[in-house]
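These are the residues of each chain, in order.
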Protein chains: 6
Amino acid sequence: MFITRREHFNAAHRLYREDYTDSRNLEVFGKCSNPNWHGHNYVLYVTIKGEVSPETGFVANLKTLGEIIHQHIIDKIDHKNMNIEVDFMKGRLASTENLAIAIWEELETPIKYIGAELHSVRVHETENNYVEYFGKH
Amino acid sequence: MFITRREHFNAAHRLYREDYTDSRNLEVFGKCSNPNWHGHNYVLYVTIKGEVSPETGFVANLKTLGEIIHQHIIDKIDHKNMNIEVDFMKGRLASTENLAIAIWEELETPIKYIGAELHSVRVHETENNYVEYFGKH
Amino acid sequence: MFITRREHFNAAHRLYREDYTDSRNLEVFGKCSNPNWHGHNYVLYVTIKGEVSPETGFVANLKTLGEIIHQHIIDKIDHKNMNIEVDFMKGRLASTENLAIAIWEELETPIKYIGAELHSVRVHETENNYVEYFGKH
Amino acid sequence: MFITRREHFNAAHRLYREDYTDSRNLEVFGKCSNPNWHGHNYVLYVTIKGEVSPETGFVANLKTLGEIIHQHIIDKIDHKNMNIEVDFMKGRLASTENLAIAIWEELETPIKYIGAELHSVRVHETENNYVEYFGKH
Amino acid sequence: MFITRREHFNAAHRLYREDYTDSRNLEVFGKCSNPNWHGHNYVLYVTIKGEVSPETGFVANLKTLGEIIHQHIIDKIDHKNMNIEVDFMKGRLASTENLAIAIWEELETPIKYIGAELHSVRVHETENNYVEYFGKH
Amino acid sequence: MFITRREHFNAAHRLYREDYTDSRNLEVFGKCSNPNWHGHNYVLYVTIKGEVSPETGFVANLKTLGEIIHQHIIDKIDHKNMNIEVDFMKGRLASTENLAIAIWEELETPIKYIGAELHSVRVHETENNYVEYFGKH
């Protein structure tokens, strides 16, 4: 059984490499390399899996799952600049792919504490683009 | 090839255990334990898999699939109280997880009769929460 | 300038009249007259109007608007039975139309205190049905 | 007859006043005053009104309307920082209300050239908040 | 009080004038002039207004409203070619504007019979384009 | 890591077999067998998988992915009649299942050239129906 919780956050970001020239950044990252930043309303889907408890009918308490996501992710990134201010994005290029990996790494352990297993992290950057990460295999 | 049909229903429910005290029910099930009921607009996605018929270009006739879902699920649960009135929920805690399992059990056999195989049952309780069940393995 | 805030709640309800027979209730209110209740995920849009403050660029602080809607509406109706438990629905048939009127009457005064004017209350019962109320004129 | 065109853009912004202290900015503008910026996927609805041409069945050519919105708005603001880089936001607090007014002022004249009249500008900052402006009356 | 019912239909259409050359049709109507047709999933919102009945809490019975829309519109246009097969589109250019006017003319009278008044007809051709018609004034 | 790009197109189609009588076509394909065509706004989700480049943080450049989908699919099918005008649908029954297979076959090779692998093609014909294809295994 898989259960999924949707959360929202918005943040500024910029895609660029310091070791690239400005024109190389523009060529590789396009409009996303704007030095003055831009931002998105991100939508995050966290899917966990586990057995249904015969006692409660739950895989896990969704309220607790929501609190874990807020404490580890939303409270740190919402209304923030993910290149500068978000500890779990330090040292990573601020692509949606890297964001999904970082969110996975933040959530994998705490979700074990509620007796379930993280299955996937899906991040929508716009209505037209999303990435999904299932961990290292 | 996988094909998916979306259907809607709304229903009242309550999460609680008779062997719990009221305060224990409130602690475990939160606002969902309200003795006076509450309800949702549920969204149901039924995914089936099979080979594409060279004769029709279909895995299965979607109209027939819709009729199966209506006959076995929607007609029984729509505008109903799922704790009291829905035969396939009898004896189950009315969690979304248990609802998905019950729907799976209702649909697995009839979908075989149309030459396909049930792949997953996904139930959205709100815009922010859904469960997905792929059967016992 | 008009600003709109969307909120969600879910609730059980039943449409019926005590002075009707069961068959008359069924005839007039259809499946919505189910004595065992059913429920919905309601979506509420509150639109207010006012001048844009040159100091803040706001008509009103959206956070404050959200708090008003939560205090007067959401906290009272979310996960509740609107026929039994919701003070502002006492004595009213629990139709979406009457719900919109009741929400208008609850919000009209508190919205004046934040220097704006209530313009409309829109309530979606399902994806396919909504009502909108602009007050008495 | 009213016709509406939806467009998208994303941008960074910050709500603050230079004549406020940091703590005053935080008090008035909340998380939106973050000095390191944040951003949104904005959704823009431009509604125009006019007579239906008996020759074409159109109020106006939607492709031309789309080009006008792109030339005057989207090309200037998409993937940009609206406090720093967007000419039509210069000297304005970057609230959604002011953004809608600025978009109105940019579009009002060019829409006259295609034989229609601007009716409203609606800007969604998130799924839960939008503003709508109908011009000065 | 305003109540709105959403319905769906899909249809083929083509925008062109017989008295135009092919190249003129292409210039004016673009890809929509394709002689081999194309089509859309249209979304129709019908808004009616009226007083709330103290007896039922309704402006009008939504089920009856839905039946009127199906009988007069959906049953005639769904899965059809609106240039060839739809009586109420005969002699009209198949633009979304003209479609909205034709739907208005079909619905205005039957809605009076249920004690309400047609307020607006909104037709979405795609997620990005819609028209809204309020009748002749 | 999986990344998904959403695209839209609309097209006319008809489901029928030349070797069936009209009544047999109607029986098997229902309203979709209308000889005068009908059409849909299709929504296409293309999911690719691959490793995240440490240099760019990308699995693949989404702009390039979008261009591939436009060149091979959208430019050929948008505003077209898929039974008559679309090369990759020649000789196939115009069902959504066959459309997904044809899109898979068109995209599989070009996506290899950008260093990723096609994972799935999902096609939504309406809000209520979609198919998903993962290739031959």
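Reference entry: report on the structure contained in this document. (Residues numbered from 1 in each chain as written. Chains lettered and ligands numbered in written order. Predicted model: local features only at pLDDT ≥ 70, side-chain atom pairs only at ≥ 80, totals over all residues. Heavy atoms only, no water.)

## Overview of the relation of the copies chain A and chain D
Least-squares fitting of chain A to chain D yields an RMSD of 0.0 Å, with the transformation described by 0.0 Å of translation along the axis and a rotation of 180°. Put plainly, the chains are arranged around a two-fold axis. By residue overlap, the copies meet face to face through one surface: 100% of the interface positions of chain A are interface positions in chain D. (Least-squares fit on C-alpha atoms with pLDDT ≥ 70 in both. Contact = heavy atoms within 4.5 Å.)

## Overview of the pairing of strand β1 (residues 2-13) of chain A
The element β1(A) is largely enclosed, with a buried count of 11 among its 12 residues. When β1(A) meets strand β5 (residues 129-133) of chain B, the two strands line up antiparallel, connected through four bridges. Paired with Arg5(A) across the strands is Asn129(B), a residue of β5(B). As judged from the two bridges shared by β1(A) and strand β3 (residues 80-81) of chain A, these two strands associate in the parallel manner. (Buried < 20%, exposed > 50% of the residue type's maximum accessible area, 1.4 Å probe, protein only. Helix = DSSP H or I, 4+ residues; strand = E, 2+ residues; numbered from the N terminus. Pairing = 2+ DSSP bridges.)

## Observations concerning the interface of chain A and chain D
Taken together, the contact between chain A and chain D spans 23 residues of the former and 23 residues of the latter. Contact with chain D buries area across many residues of chain A, yet Asn36(A), Asn41(A) and His79(A) alone supply 32% of it, more than any other trio. Summed over the shared surface of chain A and chain D, the number is four salt bridges. Where Lys31(A) meets Asp78(D), a salt bridge forms, and the shortest distance between an N and an O atom there is 2.8 Å. For the interface between chain A and chain D, the tally reads 15 residue pairs in polar contact (both at pLDDT 80 or more). Listed by contribution, the elements that provide at least two residues to the side of chain A that touches chain D are β1, β2 (38-49), β3 and β4 (117-126) of chain A. (Buried area = accessible area lost by both parts, 1.4 Å probe. Salt bridge = Lys/Arg side-chain N within 4 Å of Asp/Glu carboxyl O. Polar contact = N/O pair within 3.5 Å; in protein donor to acceptor, adjacent residues only side chain to side chain.)

## Considering helix α1 (residues 22-29) of chain B
Residues and elements named next belong to chain B. Taken residue by residue, α1 has Asn25, Val28 and Phe29 as its buried positions. When α1 is viewed along its axis, its buried side chains cluster within an angular range of 75° and face the same direction. In α1, the exposed residues that point more than 90 degrees away from the buried face are Ser23, Leu26 and Glu27. Once α1 ends, the next one or two residues include Gly30, with phi positive near 60°. (Arc of directions from axis to C-beta.)

## Focus on the packing of helix α2 (residues 62-77) of chain F against helix α3 (residues 96-113) of chain F
Residues and elements named next belong to chain F. Their axes nearest at 10 Å, the elements α2 and α3 cross at an angle of 140°. As summarised for this structure, α2 and α3 are arranged oblique, according to the angle between their axes. The handedness of the crossing between α2 and α3 comes out as right-handed. Listed contacts from α3 to Leu65, Ile68, Ile69, His72, Ile73, Lys76 and Ile77 of α2 are Leu99, Ile103, Glu106, Leu107, Pro110 and Ile111. Partitioned by chemical class, the residues of the contact of α2 with α3 number 10 nonpolar, one polar and two charged. (Axes fitted to C-alpha atoms, helices over the stretch in contact; angles between N-to-C directions. Parallel < 35°, antiparallel > 145°, perpendicular 65-115°, else oblique. Left-handed = near helix turned anticlockwise from the far one by under 90°. Nonpolar A, V, L, I, M, F, W, Y, C, P; charged D, E, K, R; others polar.)

## Quick word on the pattern of salt bridges
Inspection of every chain in the model, using the stated rule, returns 60 salt bridges over all chains. Lys76(A) is the salt-bridge partner of Asp87(A), the closest N and O atoms lying 3.5 Å from each other. Here Lys76(A) lies in helix α2 (residues 62-77) and Asp87(A) lies in the loop between β3 and α3 (96-113), a separation of 11 residues in the sequence. Classification of Lys76(A) by relative accessible area gives partly exposed; the value is 28%. Residues joined by salt bridges that share partners form a network here, namely Arg6(A), Glu127(B), Arg6(C) and Glu127(D).

## Here's the deal with the relation of the copies chain B and chain F
For the pair chain B and chain F, the best superposition has an RMSD of 0.0 Å and corresponds to a rotation of 120° with a translation of 0.0 Å parallel to the axis. What the rotation and shift describe, once combined, is the action of a three-fold rotation axis. In terms of C-alpha distance to the rotation axis, chain B has Glu127(B) as its closest residue, with the C-alpha 8.9 Å off the axis.

## Brief notes about the environment of Met89(D)
All names here are of chain D. Here Met89 lies in the loop between β3 (80-81) and α3 (96-113). Distance from Met89 to Asn41, taken between C-alpha atoms, is 17 Å for residues 48 residues apart in sequence. Setting aside chain neighbours within four positions, we find Met89 in contact with Met82, Ala94, Asn98, Leu99 and Ala102.

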